[in-house]
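Here is what each chain is made of, one letter per residue.
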Amino acid sequence: MSEKINRVVLAYSGGLDTSVILKWLQQTYQCEVVTFTADLGQGEELEPARKKAEMAGVKPEHIFIDDLREEFVKDYVFPMMRGNALYEGLYLLGTSIARPLIAKRQIEIAKLVNADAVSHGATGKGNDQVRFELGYYALAPDIKVIAPWREWDLTSRTKLIEFAEQHQIPVSKDKRGEAPFSTDANLLHTSSEGKVLEDPWEEVPDYVYSRTDNPEDAPNTPEFITIDFEGGDGVALNGEGMSPATLLTKLNELGKRHGIGRLDLVENRFVGMKSRGMYETPGGTIYHLAHRGIEQLTLDRGAAHLKEELAVRYAELIYNGFWFSPEREMLQAAIDHSQEKVSGTVRLKLYKGGVYVVGRKSPYSLYSEKVVTFEDDQGAYDQRDAAGFIKLNALRLRLLGRRDR
């Protein structure tokens, strides 16, 4: 500790880790702590965090609890979904996309209360420390960042609980035993990792799942729904207009009931190691496939295929924490341009863990039944044109074949 810190804004959940961090910051840096708790739709009651912060000596005017659900979905989840972003082809980036918003709001609060530092509860092994801190530095280049897990000697849950008990920090009964796994949740997903999930050969136990019913126990009758899109964003469910957060909330309910959105993944963390996680993204899985469904009708082949190439890089940037980078913004501009006519309606079937696009229509459809039909197209497409097309494309292959024969 080389610098004097007067005031620090802590990303605070009110749980064991961040409650210990709050007291540790007060003790170690002799500084005033401002707490920030974000409601991103994690489904937990957040007011207890206010009471815990007050008990720890935080001034009432320095306790921030913000409902960011609409901003989260509108300005972060939906732009990401326009890009069809999947990290390593599978992960819908539920944790990754929440971090830049939390970082942005932390920096806004730091400026509001004249804080000279920010702090988070991410460990030194994971991706979140990178995501938070890249966000902080992009928005406030000279901010001081305090990452307790990289500084302190509280290296186990037992030591955390001992510290908490020494300082009269309440510890819930379920925290006294070794946690079977750790979770992170928001409106887009719930992730679980660690402990019982650390052996990639062992199947995820049923009790780990919290956002989805078991697909085997899901209804025996399929459910059909429609999602309306305008300019690449979902605007209505079953014909009823909804805000972004409301739409995702309703899709989460549907996905839960039908056991949709479970993913058991061994991924490559940005910091270099492989980790095994279990992700539940019920509404996001439905939405992602619906968005791809409307793009099938409305995107030109060249634009669609280029967008697929960009999506890999785009997803990697989000996963690695570069939301505020110029290259992500450049890609976003290209993606958003492609979405201008991605409007229409997609019909989906939900059944026992599966999502199936079964219909799509759009006023901007590029699909021509007249051209593609197997019946008489009355001259809409001259099949004789294909001979020259094939011969020109085959020219280099024929030259290679003659040479090598």
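Nothing here was measured: the structure is a model prediction, and the numbers come from that model.

Caption draft 1: Structural context of the packing of helix α7 (residues 244-257) against helix α8 (residues 282-298). Axis separation between α7 and α8 bottoms out at 6 Å; the angle between their running directions is 105°. Judged by the inter-axis angle, α7 sits roughly perpendicular to α8. Counted together, Leu247, Leu248, Leu251, Asn252, Leu254, Gly255 and Lys256 of α7 and Pro282, Gly283, Gly284, Ile286 and Tyr287 of α8 form the full contact between these two elements. Counted by class, the contact of α7 with α8 contains seven nonpolar, four polar and one charged residues.

Caption draft 2: Structural view of the pairing of strand β3 (residues 63-67). Here five bridges tie strand β2 (residues 32-39) to β3, and the two strands are oriented parallel to one another. Looking across to β3, one finds that Phe36 is bridged to Phe64. In this fold, the crossover linking β2 to β3 by way of helix α2 (residues 47-55) has right-handed handedness.

Caption draft 3: Examining the pairing of strand β9 (residues 233-237) more closely. Burial analysis of β9 places four of its five residues in the buried class, the great majority of the element. Where strand β8 (residues 223-230) hands over to β9, the hairpin turn is made up of two residues, of which Gly231 adopts a positive phi near 55°. In the sheet, β9 pairs with strand β10 (residues 240-241) via two bridges, with the strands oriented antiparallel. Considered in β10, the bridge of Ala236 is made with Gly241. Here β9 folds back onto β10, and the loop between the two strands holds two residues, one of which, Asn238, carries a positive phi near 50°.

Caption draft 4: Molecular detail of the sheet that holds strand β1 (residues 7-11). Judged by pairing direction, the sheet is parallel, and its five strands sit side by side in the order β3-β2-β1-β4-β5 without closing on themselves. At either end of the open sheet lies a strand with only one pairing partner, and these are β3 and β5 (144-146). Sheet twist, expressed as the mean angle between neighbouring strand axes with direction ignored, is 25°. Both strand β4 (residues 117-119) and β5 contribute to a ladder of three bridges, which runs parallel. When the bridges of β5 are listed, Ser119 appears paired with Ile146. Its contacts with the sheet place α2 against β2 and β3, and it is angled at close to 170° to β3.

Caption draft 5: Region of the structure containing a negative patch on the surface. Together, Glu203, Asp206, Glu216 and Asp217 give the surface a local cluster of negative charge. By secondary structure assignment, the location of Glu216 is in the loop between β7 (190-193) and β8. Accessibility expressed as a relative area gives 68% for Glu216, which makes it exposed.

Parameters at a glance
- Residues numbered from 1 in each chain as written.
- Predicted model: local features only at pLDDT ≥ 70, side-chain atom pairs only at ≥ 80, totals over all residues.
- Heavy atoms only, no water.
- Axes fitted to C-alpha atoms, helices over the stretch in contact; angles between N-to-C directions.
- Helix = DSSP H or I, 4+ residues; strand = E, 2+ residues; numbered from the N terminus.
- Parallel < 35°, antiparallel > 145°, perpendicular 65-115°, else oblique.
- Contact = heavy atoms within 4.5 Å.
- Nonpolar A, V, L, I, M, F, W, Y, C, P; charged D, E, K, R; others polar.
- Pairing = 2+ DSSP bridges.
- Right-handed = clockwise from strand over helix to strand, strands pointing away.
- Buried < 20%, exposed > 50% of the residue type's maximum accessible area, 1.4 Å probe, protein only.
- Patch = residues over 30% accessible without salt bridge, like charges linked within 9 Å, V, L, I, M, F, W, Y side chains within 5 Å.
- Areas by Shrake-Rupley, 256 points an atom, 1.4 Å probe, with all protein chains shown as cover.
- Salt bridge = Lys/Arg side-chain N within 4 Å of Asp/Glu carboxyl O.
- Lys, Arg positive; Asp, Glu negative; His and termini not counted.
- Charge placed at Lys NZ, Arg CZ, Asp CG, Glu CD.

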